[in-house]
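Structural features, examined
Here are the chains, one letter per residue:
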Amino acid sequence: MFVRKLATSEDNKLSGTPFVAFDLQKNTFCFIDFDFTSIYYLISKISDNTFQLKVEEAYVNYNFEASRDGEIFDLRAKHKYPLSKAGNTSKLYFEEKLDRTNS
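This section reports on the structure supplied with the text. (Residues numbered from 1 in each chain as written. Predicted model: local features only at pLDDT ≥ 70, side-chain atom pairs only at ≥ 80, totals over all residues. Heavy atoms only, no water.)

So, the pattern of salt bridges
In total, this model carries five salt bridges according to the counting rule given. Between Lys97 and Asp33 there is a salt bridge, with its nearest N and O atoms 3.7 Å apart. With Lys97 in helix 1 (residues 89-102) and Asp33 in the loop between strand 3 (28-32) and strand 4 (41-45), this pair connects stretches of sequence that are 64 residues apart. A relative accessible area of 11% means that Lys97 is categorised as buried. Classification of Asp33 as partly exposed rests on a relative accessible area of 24%. Where Lys45 meets Asp48, a salt bridge forms, and the shortest distance between an N and an O atom there is 3.9 Å. With respect to burial, Lys45 and Asp48 carry one shared label: exposed. (Salt bridge = Lys/Arg side-chain N within 4 Å of Asp/Glu carboxyl O. Helix = DSSP H or I, 4+ residues; strand = E, 2+ residues; numbered from the N terminus. Buried < 20%, exposed > 50% of the residue type's maximum accessible area, 1.4 Å probe, protein only.)

Considering the sheet that holds strand 1 (residues 2-4)
Here four strands make up an open sheet; going across it, the order is 1-2-3-7 and the pairing antiparallel. Looking at the sheet topology across the chains shown, the edges are occupied by strand 1 and strand 7 (81-82). Against the sheet, helix 1 contacts strand 3 and strand 7, and its axis sits at roughly 50 degrees relative to strand 3. (Pairing = 2+ DSSP bridges. Contact = heavy atoms within 4.5 Å. Axes fitted to C-alpha atoms, helices over the stretch in contact; angles between N-to-C directions.)

Some thoughts on the layout of surface pockets
Estimated volume of the largest pocket: approximately 340 Å³. The set of elements that each furnish at least two residues to the lining of the largest pocket consists of strand 2 (19-23) and strand 3. Within the lining of the largest pocket, the residues separate by chemical class into nine nonpolar, three polar and six charged. (1 Å grid on protein atoms, 1.4 Å probe; cavity = no way out; pocket = protein on both sides within 12 Å on 5 of 7 lines; lining within 4 Å. Points joined across faces, edges and corners; volume = space filled by probe spheres on them. Nonpolar A, V, L, I, M, F, W, Y, C, P; charged D, E, K, R; others polar.)

A short note on the pairing of strand 4
The pairing of strand 4 with strand 5 (residues 50-55) spans five bridges and is classified as antiparallel. When the bridges of strand 5 are listed, Ser44 appears paired with Gln52. Here strand 4 hands over to strand 5 after four residues, the two strands then running antiparallel side by side.

With respect to the sheet that holds strand 6 (residues 72-74)
Pairing between the strands of a sheet comes from backbone hydrogen bonds, and it takes one of two forms, parallel or antiparallel. Spatially, 4-5-6 is the arrangement adopted by the three strands of the open sheet, whose pairing is antiparallel. Every other strand in the sheet has two partners, leaving strand 4 and strand 6 as the edge strands with one partner each. If you compare each strand with its neighbour and ignore which way they point, the axes differ by 30 degrees on average.

Below, the structure written as structure tokens:
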């Protein structure tokens, strides 16, 4: 199950609107980092763990600064968090994003 999470920070570099992927069988979740344009995308399943971003039909001609249409991602490569931490999604997202920008 995928949901979008609005995550705003005083530090604009950390803000975003990531997709949060929940695996209810394994009781985990992970983030697919995204900016505010995630609202224009759908996620298509390719296989059990592999998904593809697709621009919604109504926005195909929208002028995205950096289009992610067609991007493929594998959930096995994402850092997983236990569902018990789902109440802290913004904090966890900011920490994960900060770790990536400092790497």
